[in-house]
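What the coordinates show
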Amino acid sequence: MAETKVVYSICGMCAVRCPIMVEVEDGKVTWISGNPHDAGIGTGLCAKGVAGRSVLYDTERPLSPMIREGERGSGKWRTVSWDEALDYVAEKLREIIDNYGGRAILLSDRGGPFVEIRKAFMQALGSPNYCNHDVTCGISVNHAAMSLFGFGRTGFSYDYKNAKHVVLYGRNMLESIKVKTARAMIDGLAKGAKITYIDPRFSVTASKAHRWWQIRPGTDYALNLALIHILIKEGLYDKAFVSRWVEGFEYLANFVKPYTPEWAEKETGIPAQEMYLFCQEVAKDAPHVIFHGGWMRARYRQAFYEARTTYILNVLLGAIEVPGGLVFVKGPGDAGKKGLNKIGVNLPKVEEKRADGAGWKYPHIKTPLLHRALEAIKTGDPYPIKAYFVHRHDPLLGLPDPEAQIEIYKNLDLLVVCDINWSETSWWADVILPECTYLERSDIIATQKGLKPGFRRRKAAISPMYNTRPGWWIYIQLAKRLGKGEHFPYETIEDIWQAQLEGTGVSIEDFEAKGSVTLVDKPIWFDRENGLPFKTPSGKIEIVSQKWEEAGYPSLKEYESPEAPPEGRFRLLFGRVAYQTHGMWMNNPALHPYLKENILWINKDVAAKMGLKTGDLAEVANGSYRKKIRVFATELIHPEAVFMLHGFGHTVPYQSRAYQKGVADQRLEVGLLDVFDPAGGASALCECFVEVKPAS
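Residues numbered from 1 in each chain as written. Predicted model: local features only at pLDDT ≥ 70, side-chain atom pairs only at ≥ 80, totals over all residues. Heavy atoms only, no water.

To keep it simple, the criterion reads: UniProt positions are given in the numbering used here, feature names are shortened, and annotations may be inferred rather than shown by experiment.
Identification of the chain as Molybdopterin-dependent oxidoreductase from Thermosulfuriphilus ammonigenes is taken from an unreviewed UniProt entry. Checking UniProt for the chain, the heading Cofactor (unreviewed entry) contains the comment "Mo-bis(molybdopterin guanine dinucleotide)". In its Sequence similarities (unreviewed entry) section, the UniProt record describing the chain reads: "Belongs to the prokaryotic molybdopterin-containing oxidoreductase family."

Some remarks on the overall build of the chain
Note the following rule: Under the DSSP-based scheme used, a helix requires at least four consecutive residues in state H or I and a strand at least two consecutive residues in state E, with every element numbered from the N terminus. Throughout, the Shrake-Rupley method with a 1.4 Å probe supplies accessible areas, and for residues the shown protein chains are the sole cover considered. Think of it this way: Lys and Arg go in the positive column, Asp and Glu in the negative one, and His and the chain ends go nowhere. Charge positions come from single atoms, namely NZ of Lys, CZ of Arg, CG of Asp or CD of Glu.
Across its full length, the chain holds 21 helices and 27 strands. Oriented by its inertia axes, the alpha-carbon framework of the chain measures out at about 70 × 70 × 60 Å. As displayed, the chain has an accessible area near 26,200 Å², and 49% of this comes from carbon and sulfur atoms. Mean positive and mean negative side-chain charge positions of the chain (86 and 82 charges, respectively) differ by 2 Å.

What about the sheet that holds strand S18 (residues 446-448)?
Strand pairing in a sheet relies on backbone hydrogen bonds, with the paired strands running either antiparallel or parallel. Quick note on the threshold: Strands qualify as paired when DSSP identifies two bridges or more between them. Lines fitted to C-alpha atoms define the axes here, with helix axes fitted over just the stretch in contact, and angles between the N-to-C directions of these axes take values from 0 to 180 degrees.
Taking strand neighbours across the sheet as the criterion, the three strands line up as S18-S19-S20 in an open arrangement whose pairing is antiparallel. Edge positions in the sheet fall to S18 and strand S20 (516-518), since each of these pairs with one other strand and no more. Put simply, the sheet's adjacent strands are angled 25° from each other on average, direction ignored. One ladder, built from three bridges, connects strand S19 (residues 454-456) with S20; its direction is antiparallel. Directly across from Phe 455, in S20, lies its bridge partner Val 517.

Points about the domain arrangement of the chain
How big an interface is tends to be stated in terms of the accessible area lost upon association of its parts. Let me state the cut-off plainly: Just so you know, the domain bounds were taken from an automatic or database domain assignment. Two residues form a contact once any of their heavy atoms are found within 4.5 Å. Once two parts are brought into contact, the accessible area they lose, counted with a 1.4 Å probe and summed over both, makes up the buried area. Criterion for a salt bridge: a side-chain nitrogen of Lys or Arg within 4 Å of a carboxyl oxygen of Asp or Glu. Any N or O atom pair separated by 3.5 Å or less is treated as a polar contact, with the protein-specific requirement of one donor-capable and one acceptor-capable atom, and with residues adjacent in sequence counted only for side-chain atom pairs. Residue polarity follows a fixed list, in which Ala, Val, Leu, Ile, Met, Phe, Trp, Tyr, Cys and Pro are nonpolar, Asp, Glu, Lys and Arg are charged, and the others, Gly among them, are polar.
Under the domain assignment used here, the chain contains domain 1 (4-57), domain 2 (66-136 + 339-518), domain 3 (156-328) and domain 4 (569-694). Once you take the C-alpha centre of each, domain 1 and domain 3 turn out to be 34 Å apart. On the side of domain 3, six residues touch domain 1, which itself brings 11 residues to the contact. A combined buried area of about 680 Å² lies between domain 1 and domain 3, and 67% of that area is made up of carbon and sulfur atoms. Put simply, domain 1 and domain 3 have one salt bridge between them. Asp 38 serves as the salt-bridge partner of Lys 180, at 2.8 Å between the closest nitrogen and oxygen. Where domain 1 meets domain 3, there are three residue pairs in polar contact (both at pLDDT 80 or more). Residue classes in the side of domain 1 that touches domain 3 are distributed as six nonpolar, three polar and two charged.

Observations concerning the nonpolar core
Definition in use: Think of a nonpolar core as a cluster: buried Ala, Val, Leu, Ile, Met, Phe, Trp, Tyr and Cys residues, connected wherever their side-chain atoms sit within 4.5 Å. Exposure classes here rest on a 1.4 Å probe applied to the protein chains alone. A residue is buried below 20% of its type maximum, exposed above 50%, and partly exposed in between.
By size, the foremost hydrophobic cluster in this structure holds 77 residues, and its most contacted members are Phe 149, Phe 291, Leu 316 and Phe 534. Examining the composition of this core, we find that 10 residues originate from one element, helix H8 (residues 220-233), more than from any other. Not counting chain neighbours up to four residues away, the residues in contact with Phe 291 comprise Tyr 158, Val 167, Tyr 169, Leu 227, Phe 278, Val 282, Thr 310, Leu 313, Asn 314 and Leu 317. Counting 54 residues, the second-largest nonpolar core is a separate cluster that includes Leu 106, Tyr 388, Ile 406 and Phe 648.

Details of the pattern of salt bridges
Between side chains of opposite charge, a pair can form as their charged atoms come close. Per the counting criterion, the structure on display carries 41 salt bridges. Linking Asp 58 and Arg 657 is a salt bridge whose minimum nitrogen-to-oxygen distance equals 3.1 Å. Here Asp 58, found in the loop between helix H2 (52-57) and strand S4 (66-68), pairs with Arg 657, found in the loop between strand S26 (641-645) and helix H21 (665-668); they are 599 residues apart in sequence, far enough to count as distant. Note that Lys 161 is salt-bridged to Asp 187, the shortest N-O span being 4.0 Å. Of this pair, Lys 161 sits in the loop between strand S8 (156-158) and strand S9 (165-169) while Asp 187 sits in helix H6 (residues 179-190); the two residues are 26 residues apart in sequence, bridging distant segments of the chain. Its relative accessible area of 35% is what places Asp 187 among the partly exposed residues.

Thoughts on the side chain of Asp 285
With respect to the element layout, Asp 285 can be found in helix H12 (residues 272-285). Among the polar contacts listed, one links the side chain of Asp 285 to the side chain of His 165, at a separation of 3.5 Å. A distance of 3.1 Å separates polar atoms of two side chains, one belonging to Asp 285 and the other to Lys 194. Ignoring sequence-local partners within four residues, the contact set of Asp 285 consists of Lys 164, His 165 and Lys 194.

Topic: the packing of helix H11 (residues 261-268) against H12
Rules: A crossing counts as left-handed when the near helix is turned anticlockwise from the far one by less than a right angle, and as right-handed when that turn is clockwise.
At a closest axis distance of 8 Å, the pairing of H11 and H12 adopts a crossing angle of 120°. Handedness of the H11/H12 crossing: right-handed. Contacts between H11 and H12 involve Pro 261, Glu 262, Ala 264, Glu 265 and Thr 268 from the former and Ala 272, Met 275 and Tyr 276 from the latter. A class-by-class count of the residues in the contact of H11 with H12 yields five nonpolar, one polar and two charged.

Some remarks on the packing of aromatic side chains
This is how it is decided: Within 6.5 Å between ring centres, the rings of Phe, Tyr and Trp (the latter by its six-membered ring) count as paired, and their orientation is classed by plane angle as stacked under 30 degrees, edge-to-face over 60, tilted in between. Here, a charge over a ring is recorded when the distance from Lys NZ or Arg CZ to the ring centre is within 6 Å and its angle to the ring normal is within 35 degrees.
Evaluated as defined, the whole model comprises 37 aromatic pairs. With 5.7 Å between their ring centres and 20° between their planes, Phe 149 and Phe 151 make a pair best called stacked. Residue classification places Phe 149 among the buried positions, given a relative accessible area of 0%. Of the aromatic side chains, those joined through ring pairs into one cluster are Tyr 221, Tyr 251, Phe 255, Tyr 259, Trp 263, Phe 304, Tyr 305, Trp 548 and Tyr 559. Looking at Arg 244, its charged tip hangs above the ring of Trp 245, at a distance of 4.0 Å from the centre. The side chain of Lys 330 reaches across the aromatic face of Phe 526, ending 4.6 Å from its centre.

A word on the sheet that holds S26
Spatial ordering of the closed barrel is given by S22-S26-S23-S25-S24-S27, a layout of six strands whose pairing is mixed. The average undirected angle you get between the axes of adjacent strands in this sheet is 45°. Taken together, the three bridges between strand S22 (residues 569-575) and strand S27 (residues 689-694) define a ladder with antiparallel strand orientation. When the sheet's bridge partners are listed, Arg 569 is paired in S27 with Glu 691.

Overview of helix H13 (residues 303-316)
What counts is decided by this rule: Expected span, for any helix, means 1.5 Å times one less than how many residues it has.
Compared with an ideal rise of 1.5 Å per residue, which puts 14 residues at 20 Å, H13 spans 20 Å between its outermost C-alpha atoms and is within 8% of the ideal. Most of H13 sits inside the fold, with 14 of its 14 residues counted as buried. A positive phi of about 65° marks Gly 318, the residue just after H13.

A look at the side chain of Ser 9
Here Ser 9 shows up in strand S1 (residues 4-10). Setting aside chain neighbours within four positions, we find Ser 9 in contact with Cys 18, Pro 19, Ile 20, Arg 457, Arg 458 and Lys 459.

With respect to the pairing of strand S10 (residues 194-198)
Applied cut-off: Whether a crossover is right-handed comes down to one check: with the strands pointing away from the viewer, does the path from the first strand over the helix to the second run clockwise; if it does, it is right-handed.
Among the five residues that make up S10, four are buried, leaving the element largely enclosed by the rest of the structure. Taken together, the five bridges between S9 and S10 define a ladder with parallel strand orientation. The residue of S10 that forms the bridge with Val 166 is Ile 195. For the crossover from S9 across H6 to S10, the handedness is right-handed. In the sheet, S10 pairs with strand S11 (residues 211-213) via three bridges, with the strands oriented parallel. Of the residues in S11, the one forming a bridge with Ile 198 is Trp 213.

What about H12?
With 14 residues, H12 should reach 20 Å at 1.5 Å per residue; the first-to-last C-alpha distance of 20 Å fits that figure. Buried residues along H12 sit in contact with S9, S10, S11, H8, H11 and strand S13 (289-291).

Here is the structure:
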């Protein structure tokens, strides 16, 4: 009789990390669904989550540790044992530490709830240079939130289910799927909620919206200034909330006076009359209104101000800590409970300045700046970076201008990639340490914040199928080889879980029934009159942020109109679809057949003038990168822009399905590695113009 079991765990197919239930029969994963014990997701799962089994059984991934034998990028590898690989890396690190100090080591990471072990590893080595991938995601949104509220973007969640009106700025919620969010949004629509979607390009989310504004690319800030102008001038804002919680309202009111809807119409292309009607609508629906601050908003140089004014619109409508609005997330302390213990014992405090300048050269920036860390590798300023660990993300795919990055890598003595996939970056690595998939590994316990805080756990459904290892084991083994084992007295993942949970009143066994533990029975709401815990110096929402002002960045910046594309060129926009994540699953056997190549969206009238129609081949180019791509001519994209899906054009031949398929948008972003939003830190990925012409 077959041996069967059910394991409650956490998905690893994208950055959302949904709760899942894995069914196993005779040591094989037979089914993956959402975790039915989590009411928000039920048994639902997106296409990527379902395709997790394909990752598990796909052999086109690194199956054993490897050390490079030929030149970097030559694809010549030697398969080695774990002992040989770890000894090799440890010896190289020891030489670098002896010559340059621990600060010469950089580690960049996808981020998320399981990063603590890698941060502890870096701290043990004496390096301040841990980075996440946020410069190409939400860093400017994060700093916009910090400048207003004193905490980052994850300090709020959004109550879509009870909202009456949701406003999205290119936040393609129904294609860049977070299953719980998508379900809550659909539930909200069923209850009568409205969606206003603002994007130069139409999307699936736009198809569900009551209003789609095809805004001119790069003018979100102009629109927000005009909307704030209307709400204040016509007295449509929540006066009681503003009076109680906002510092600097008069400054805001005076600043937006020149930014009339009629002025904004010329910038954005959105009729002024529609802006007036919209403001009447949202004021009527307030405070059950959400202006989404943005997730991935690393597109333009003024992203910080776009996000900041988006948050201000929520504030003006009083949409804070109310059902259907922005809700403070609560942690164990808010429930009167002890939180998880930190990983690592007696870790030394690292006094060194960060190589990327965050916190000193850029005193207003708290989140790591990966693009500036690469600049430090290039220049040796403020000090040399000689070893670079890349864990479960792909800078050559996610950051702009990979050719420039590869040049920078020449200054490294050691490049190590720890991943489950062949990434673009892995091809240039000196050592590959293959991590097992999320179905084969357990991870540290994570805190889950929200109205009902708790803890959650990823647990291995099966043992590793190949010669791969979990990340926590890899870093602890390296630490021990470098004489830092005293900080990591753990042999098994159970040892780590036990140390994390000590004193919390929660045991390892408590996770078996549902995969998570909730610390309270009822949702926690803060007292909206007297108990909102803003972490600014005044304890209120600060329109004027002293920290940004002192760093030389005004709290509200005079609007600058985006550059118009030169003749024959277009602003390059990019995005995703529901069954593709950041390009890392282009080679997935289950997903690849549905999306083998990307296409180029171009405005129908513009295309006609160029002699192009849907299905034709066009040539798209910037710098030395030049590729042919099929055209989709449509009125559903702004005339100044073209659009393609991100993540194509893979260059690693071991990925036979994705190899050289489609066009790599990041390779068209020539020269953008050093172009970023100075106030928020995000790469300005859409400050890019590409040449398009009919293919010869």
